[in-house]
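Working through the structure, step by step
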Amino acid sequence: MALFDTTAFRITEQGLNVMWNKMQVISHNLTNENTPDYNCKYLEFSGVLRDKLRSNGSVKKELNLSQRIVVDYATNDQGDHNNVDHDVQAGELAKTQTQFNTLIEQMNGSFARIRSAIVTK
């Protein structure tokens, strides 16, 4: 539907998808914080978003953000070779949840404006 085929809507939709996937990766890290030989994982996408923007700041029509999970093999903080830092991961989860909720509010605002335009006589 053309109402929802805007750059802002597509970016918000894909941003929600990225934040959801990032929360899953962080939750997986927290679940395995006591698993020997577990390596912490991170979701990367910000560099990919930058690559999707044209030099003049506009977004290509086909906006398909790719995501990449990166495994941290370099850090080895604990004796059992597990490198999950609970405090760092919990902080990242809280930050990501806030970003996710902000995007939800943004999308809800867009729906409210559309609803208001339809209902207004």
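Going by the structure above, here's the rest.
Residues numbered from 1 in each chain as written. Predicted model: local features only at pLDDT ≥ 70, side-chain atom pairs only at ≥ 80, totals over all residues. Heavy atoms only, no water.

Once that is clear, we can look at the overall build of the protein. Along the protein, the regular secondary structure elements total 3 helices and 2 strands. Starting at the N terminus, the α and β elements of the protein follow one another as α-β-α-β-α. Within the protein, buried positions represent 28% of all 121 residues. By sequence separation, contacts in the protein at least 24 residues apart represent 75% of the contacts at least 6 residues apart. In the structure as shown, the protein presents an accessible area of about 8,100 Å², 54% of it carried by carbon and sulfur atoms. (Helix = DSSP H or I, 4+ residues; strand = E, 2+ residues; numbered from the N terminus. Buried < 20%, exposed > 50% of the residue type's maximum accessible area, 1.4 Å probe, protein only. Contact = heavy atoms within 4.5 Å. Areas by Shrake-Rupley, 256 points an atom, 1.4 Å probe, with all protein chains shown as cover.)

On to the side chain of asparagine 29. Structurally, the position occupied by asparagine 29 is in helix 1 (residues 7–31). Residue asparagine 29 is classed as buried on the basis of its relative accessible area of 0%. Within polar-contact distance, the side chain of asparagine 29 engages the side chain of tyrosine 38 at 2.8 Å. Beyond its immediate stretch of four places on either side in the chain, asparagine 29 contacts Tyr38, Cys40, Lys41, Val84 and Gln89. (Polar contact = N/O pair within 3.5 Å; in protein donor to acceptor, adjacent residues only side chain to side chain.)

Packed helix pairs are specified by the crossing angle of their axes together with the interaxial distance, meaning the distance between the axes. Orientation of helix 1 relative to helix 3 (residues 86–119), taken along the N-to-C sense of each, is 155°, at an axis distance of 9 Å. Taken together, the axis directions place helix 1 and helix 3 in an arrangement best described as roughly antiparallel. In this structure, helix 1 crosses over helix 3, and the sense of that crossing is left-handed. Taken together, the residues of the contact of helix 1 with helix 3 break down into 14 nonpolar, 10 polar and 3 charged. (Axes fitted to C-alpha atoms, helices over the stretch in contact; angles between N-to-C directions. Parallel < 35°, antiparallel > 145°, perpendicular 65-115°, else oblique. Left-handed = near helix turned anticlockwise from the far one by under 90°. Nonpolar A, V, L, I, M, F, W, Y, C, P; charged D, E, K, R; others polar.)

The phi torsion at aspartate 37 lies on the positive side, around 65°, for a residue other than glycine. For aspartate 37, a relative accessible area of 52% translates into the label exposed. We note that histidine 81 has phi near 65°; this positive angle belongs to a residue other than glycine.

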